[in-house]
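Notes for the structure review
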Amino acid sequence: MELYEAWKPLLREGTATFSQEFYVKFYQAFVEGDRWQQYLRGVGTTLLATAMALAIGIALGIIIAMIRTAHDQQRPGHHNPILALLNAVCKVYVTVIRGTPMMVQLLIMGFVIFSSSRNYTLVGALTLGINSGAYVSEIIRGGLMALDPGQAEAGRSLGLNYIDTMRFIVIPQAFKAILPSLGNEFIILLKDTSLITVIGGKELVYAAQAIYGRTYEQMFPLLGIALIYLVLVIIFSWLLGILERRLRQSDRR
Amino acid sequence: MIDVKHLSKSFGDHLVLNDISEHIYPGDKVVIIGPSGSGKSTFLRSLNMLEPPTAGTITFDGVEVTSPKTDIDEVRRKMGMVFQHFNLFPNMTILRNITLAPVRTGRMTQAQAEEQAMALLRRVGLEEKASAYPSQLSGGQKQRIAIVRALAMNPKVMLFDEPTSALDPEMVGEVLAVMKELAADGMTMVVVTHEMGFAREVGNRILFMDGGRILEQGSPEAVFGNPQNPRLKDFLSKVL
């Protein structure tokens with residue numbers, strides 16, 4: 001505190017040493033006015049938006065993947081018209097979402113569709129979730145299609161119904177197979193929450209921008225949030241690794 | 001027990017089963033032989049509707065299996081099936097592989113199912129593998145477990161789809177031994193196989209299929225000793 005007050009004028013005069021300048025700018029970026037709390041709130045919002053987007057994305061992804069695989073696995077000659085319609089809707093959704101930039105989707109959702117909403121974080125998380133759903137559905141579809149059809153046949157031949165076969169046999173195996181891809185999607189989602197800033201979501205990037213908007217010193221806030229994102233991703237990658245090892249238990253020989 | 005009438009099945013333009021009518025009696029040990037692509041696996045798989053036929057009817061124990069109104073799950077509970085590639089569930093222990101279906105279909109409590117599973121495992125000499133996972137077993141052991149898993153539902157008939165074709169030669173014997181024991185206990189069996197020795201020894205009726213039809217059938221002595229159909233003669237000359 002005293003050092004900060006003492007060295008601050010030196011910067012204006014241009015006589016500060018490198019370490020003095022470093023200290024003052026670091027202090028401004030993280031300590032002055034308890035700014036670290038702004039980053040902390042940013043992390044909270046980032047994690048909340050990620051969690052909401054992930055929940056929406058996985059729910060949408062499962063529904064779409066189920067519709068599309070159910071449609072594709074119909075016996076030749078037995079086409080259900082309702083399923084065909086749902087399948088067409090899903091295909092349009094996946095095409096539109098994958099075919100337009102996330103940033104543009106956010107701007108449209110924030111300034112056109114929900115232009116009167118003030119809950120920017122929620123709108124942002126919703127957009128991210130809808131976006132993620134398109135990718136997650138393809139990941140799940142891949143997992144379901146990659147599983148040996150003999151597994152489901154064995155379940156059904158024992159007299160288990162479709163739901164039980166999916167629940168005990170197909171889904172646990174498919175989940176294990178797609179976990180690395182899902183983890184990857186989760187990490188992309190976590191970082192993509194930074195885009196919510198463009199519609200006014202108060203997450204990490206917003207915190208950094210608010211701070212350097214007052215101090216006119218960009219380097220420390222930006223490097224700071226970069227480091228925070230990195231640490232978050234490392235922590236979640238580590239947790240995913242533990243989960244994967246647990247699920248691989250049945251592979252041991 | 002199983003009555004098949006005018007059964008046909010086509011994949012697109014390709015006719016795999018061509019107007020098959022056949023009856024399987026209680027206690028029958030029917031062995032289906034024939035070249036690959038003859039439709040014998042498709043015929044077996046259509047019996048429990050894993051391959052729904054395009055035309056014809058199948059009746060099992062007085063229930064029309066092919067009717068859309070029939071609860072197919074209920075029918076399948078009485079028909080055990082063993083696959084070429086075992087299809088054990090790799091995400092479960094052996095014990096759970098065996099107890100899952102009896103418990104989930106409400107036939108038994110977990111305790112009853114486990115007791116029965118252990119008894120069956122003892123019969124095939126694999127009780128020490130109860131808590132192992134399928135990846136820790138050899139092919140022959142996996143197939144013996146697959147048979148036990150099907151038996152755990154107390155089926156009235158067992159369907160075997162080339163049960164030894166994916167096995168190393170030295171493991172074929174242990175699986176056939178279990179099947180022979182099952183046959184001796186009076187189980188009704190329908191077996192698709194390339195094991196002619198087994199067909200001759202265990203089968204009471206041999207069906208020869210080619211081109212989606214049953215071209216010849218009869219006792220092992222008649223089919224192997226005195227074949228009539230030229231295609232059967234040709235087939236036997238290649239495999240015997």
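Fair warning: this is a prediction, and the values are worked out from it, not measured in the lab.

Things to note about the overall build of chain B
Within chain B one finds 9 helices and 10 strands. Taken over the C-alpha trace, chain B has a radius of gyration of 18 Å; the compact-globule value for 240 residues is 18 Å, and the two agree within 12%. C-alpha atoms of chain B, sized along the principal axes, occupy 55 × 45 × 30 Å. Expressed as a percentage of the 240 residues in chain B, the buried residues total 57%. Across chain B, the fraction of contacts at a sequence separation of at least 24, relative to all contacts at a separation of at least 6, is 66%. Total accessible area on chain B stands at roughly 9,700 Å², and carbon and sulfur atoms take up 49% of it. In chain B, the 26 positive side-chain charges and the 28 negative ones have mean positions that sit 3 Å from each other.

Considering the sheet that holds strand β3 (residues 29–33) of chain B
All names here are of chain B. Read across the open sheet, the 6 strands follow the order β6-β7-β8-β3-β9-β10; overall the sheet is mixed. The strands lining the two open edges of the sheet, one partner per strand, are β6 (79–82) and β10 (213–218). Averaged over all neighbouring strand pairs, the angle between strand axes comes to 20 degrees, with direction disregarded. Two strands pair when backbone bridges link them, and β3 and strand β9 (residues 205–210) are joined in this way by 4 bridges, in the parallel orientation. The residue bridging V31 from the neighbouring strand is I206, located in β9. With respect to the sheet, helix α6 (residues 169–184) is in contact with β3, β7 (157–161) and β8 (188–192), its orientation differing from that of β8 by roughly 145 degrees.

With respect to helix α3 (residues 94–104) of chain B
Among the 11 residues that make up α3 of chain B, 8 are buried, leaving the element largely enclosed by the rest of the structure. Three or more residues of α3 of chain B are buried, namely I94, L95, N97, I98, T99, L100, A101 and P102 of chain B. On its buried face, α3 of chain B is in contact with α8 (162–192) of chain A together with α4 (110–123) and α5 (139–151) of chain B.

Here we look at the sheet that holds strand β2 (residues 14–24) of chain B
Residues and elements named next belong to chain B. Judged by pairing direction, the sheet is antiparallel, and its 4 strands sit side by side in the order β2-β1-β4-β5 without closing on themselves. Edge positions in the sheet fall to β2 and β5 (63–64), since each of these pairs with one other strand and no more. When strand β4 (residues 55–60) meets β5, the two strands line up antiparallel, connected through 2 bridges. Bridging across to β5, F60 finds its partner in V63.

Comments concerning the side chain of R77 of chain B
All names here are of chain B. Residue placement: R77 occurs in the loop between α2 (72–76) and β6. The exposure class assigned to R77 is buried, which follows from its relative accessible area of 13%. Side chain to side chain, R77 and E74 meet in a polar contact 2.9 Å long.

A word on helix α6 (residues 120–146) of chain A
Here α6 of chain A spans 39 Å end to end across 27 residues, near enough to the 39 Å set by a 1.5 Å rise per residue. Of all the bends in α6 of chain A, the greatest, near 30 degrees, is centred on G133 of chain A.

Remarks on the confidence of the model for chain B
Overall, the predicted model of chain B reaches an average pLDDT of 94, with 100% of residues at or above 70. Taken together, the chains of this predicted complex give a pTM of 0.82 and an interface ipTM of 0.92.

Here we look at the interface of chain A and chain B
You'll often see interface size given as the accessible area lost when the parts meet. Facing 24 residues of chain A, the contacting portion of chain B comprises 28 residues. Buried area between chain A and chain B, both sides added, is near 2,200 Å², and the carbon and sulfur share of it is 54%. Where chain A packs against chain B, one counts 3 salt bridges. The interface formed by chain A and chain B holds 8 residue pairs in polar contact (both at pLDDT 80 or more) in total. Broken down by element, the side of chain A that touches chain B gets its largest block of residues, 7 residues, from helix α7 (residues 149–157) of chain A.

Quick notes on the confidence of the model for chain A
In the predicted model, chain A carries a mean pLDDT of 90, and 97% of its residues have values of at least 70. Of all secondary-structure elements in chain A, the lowest mean pLDDT belongs to helix α1 (residues 2–13) of chain A, at 83, while α7 of chain A reaches the highest, 95.

Conventions used here
- Residues numbered from 1 in each chain as written.
- Chains lettered and ligands numbered in written order.
- Predicted model: local features only at pLDDT ≥ 70, side-chain atom pairs only at ≥ 80, totals over all residues.
- Heavy atoms only, no water.
- Helix = DSSP H or I, 4+ residues; strand = E, 2+ residues; numbered from the N terminus.
- Rg over C-alpha atoms; globule rule 2.2 N^0.38 Å.
- Buried < 20%, exposed > 50% of the residue type's maximum accessible area, 1.4 Å probe, protein only.
- Contact = heavy atoms within 4.5 Å.
- Areas by Shrake-Rupley, 256 points an atom, 1.4 Å probe, with all protein chains shown as cover.
- Lys, Arg positive; Asp, Glu negative; His and termini not counted.
- Charge placed at Lys NZ, Arg CZ, Asp CG, Glu CD.
- Pairing = 2+ DSSP bridges.
- Axes fitted to C-alpha atoms, helices over the stretch in contact; angles between N-to-C directions.
- Polar contact = N/O pair within 3.5 Å; in protein donor to acceptor, adjacent residues only side chain to side chain.
- Expected span 1.5 Å × (residues − 1).
- Bend = angle between axes of the 7 residues up to and from the residue.
- pLDDT = per-residue confidence, 0-100.
- Buried area = accessible area lost by both parts, 1.4 Å probe.
- Salt bridge = Lys/Arg side-chain N within 4 Å of Asp/Glu carboxyl O.

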